[in-house]
Amino acid sequence: MKIHEYQAKDILRRYGVPVPRGIVVDHPDDARQAAKQLGGRVVVKAQIHAGGRGKGGGVKLAKDADEAAELTKKMIGMRLVTHQTGPEGREVRKVLIEEALNIDRELYLGITLDRRIGMPVIMASKQGGMEIEEVAARDPKAIHREAIDGVLGVQPFQARAVTNALDLKGDAYKKCISFVQKLMAAYMDTDASLAEINPLLVTKEGDVFALDCKMNFDDNALFRHKDIAEMRDLNEEDPLEVEASKHGLNYIKLDGNVGCMVNGAGLAMATMDIIKLAGGEPANFLDVGGGASAEQVKNAFRIILSDQNVKAILINIFGGIMRGDRIAEGVVSASREVGLPVPVVVRLEGTNVELGKEILAKSGLPLITADGMAEAAKKVVEAAKKV
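Procedures and definitions
Residues numbered from 1 in each chain as written. Predicted model: local features only at pLDDT ≥ 70, side-chain atom pairs only at ≥ 80, totals over all residues. Heavy atoms only, no water. 1 Å grid on protein atoms, 1.4 Å probe; cavity = no way out; pocket = protein on both sides within 12 Å on 5 of 7 lines; lining within 4 Å. Points joined across faces, edges and corners; volume = space filled by probe spheres on them. Helix = DSSP H or I, 4+ residues; strand = E, 2+ residues; numbered from the N terminus. Nonpolar A, V, L, I, M, F, W, Y, C, P; charged D, E, K, R; others polar. Axes fitted to C-alpha atoms, helices over the stretch in contact; angles between N-to-C directions. Parallel < 35°, antiparallel > 145°, perpendicular 65-115°, else oblique. Left-handed = near helix turned anticlockwise from the far one by under 90°. Contact = heavy atoms within 4.5 Å.

A. Highlighting the layout of surface pockets. For the largest pocket, the calculated volume is near 1,400 Å³. For the largest pocket, the lining is made up of 31 residues, of which Glu237, Asp238, Glu241, Tyr251 and Ile252 are closest to its centre. Put simply, the parts of the chain that give the lining of the largest pocket at least two residues each are β5 (90–91), α8 (239–246) and β13 (250–253). Of all the elements, β13 adds the most residues to the lining of the largest pocket, at four residues. Here the residues of the lining of the largest pocket are counted per class, giving nine nonpolar, eight polar and 14 charged. Considered as a void within the structure, the second largest pocket measures approximately 1,100 Å³ in volume. As for the second largest pocket, its lining consists of 45 residues, of which Gly52, Arg53, Asn198, Pro199 and Asp212 are closest to the centre. Secondary-structure elements contributing two or more residues to the lining of the second largest pocket are β2 (42–46), β3 (59–62), β6 (95–99), β7 (103–114), α4 (132–138), β10 (192–203) and β12 (213–217). For the lining of the second largest pocket, the element with the highest residue contribution is β10, accounting for five residues.

Encoded structure:
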């Protein structure tokens, strides 16, 4: 789960991580008052779940309170387009009015989970203000990595190693060590999957601030953090993904035209791969889970068809816990209720597969069946091309 910058900074404040003073608003008059309260000269920052806001015109410096109000008026309601939003952009509903600081250096500091070693890793670079992927591609040695034991937490020598990699001196050196330790505590305590400070700001006075902050969280741990779960902004998520989550379905919208309904994440990824191998493009990732009911299958079918780009659907089910007859019943029920505006290819295997095929055959519906994944992928891609 993602949250907004202002929400991430609220969390960091709880742990003593230095962040600039800021006030979130959704109206120009409130922006004017906030700017006056923060000293007049402020930064107006659009709040959307995407990076690259500055390049897209979503981060502006205001010299006084009136200019802050004017910039807020222009930003609220605009569709901000960045390299992470896609061409459709995101509507700006709130802005963060933040005090302007005396910038001396911009650095990078982030924490994420390295699944290869099963440990959180601190990443630090002197090249702040840039996408870390760009830095890694151009100069991998420019990024210092420090693996942290999840039980012991960040040790003093590791915090010093990170600070040394950022080439800090004097008061900034001491403050950065504390910053790293507190950021790690926030990351671990909240079950975050990402805590990215970009840029990490060093002021001319020698202070260290999280000038920008991005935090993502492990959905599976949100039951432990009701306060963070309440920060979820459904306006920032794809409507179909939100609808799928209501029915216990794992759905991610993609750019292709072949809809996929699969049980199991591994099989879903393999299905998307084989569709591409057959010359098609998957329109979504949809995992109905190992024990989905006929009702869930019906909802999955409806959600896939809600995507107007879908020209054909591949239902690829391996019946382990999931029974083939249950899937078949769900497919037939959904087809009759929703209709079949596009071709549907069904490949069943595993538990009760023969019974499932019999249900499909007797349904009288124009469903296309396949016996193997390669055959199913070939048929669905050909069907999509004919629509």
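B. The arrangement of the packing of helix α5 (residues 156–165) against helix α6 (residues 170–189) in detail. Contact geometry for α5 and α6: axes closest at 9 Å, N-to-C directions at 120°. Taken together, the axes of α5 and α6 lie oblique to each other. You can see that α5 and α6 cross each other, and the crossing is right-handed. Taken together, the residues of α6 that come into contact with α5 (itself represented by Pro156, Ala159, Arg160, Val162, Thr163 and Asn164) are Tyr173, Cys176, Ile177, Val180 and Gln181. Looking at side-chain class alone, the contact of α5 with α6 contains seven nonpolar, three polar and one charged residues.

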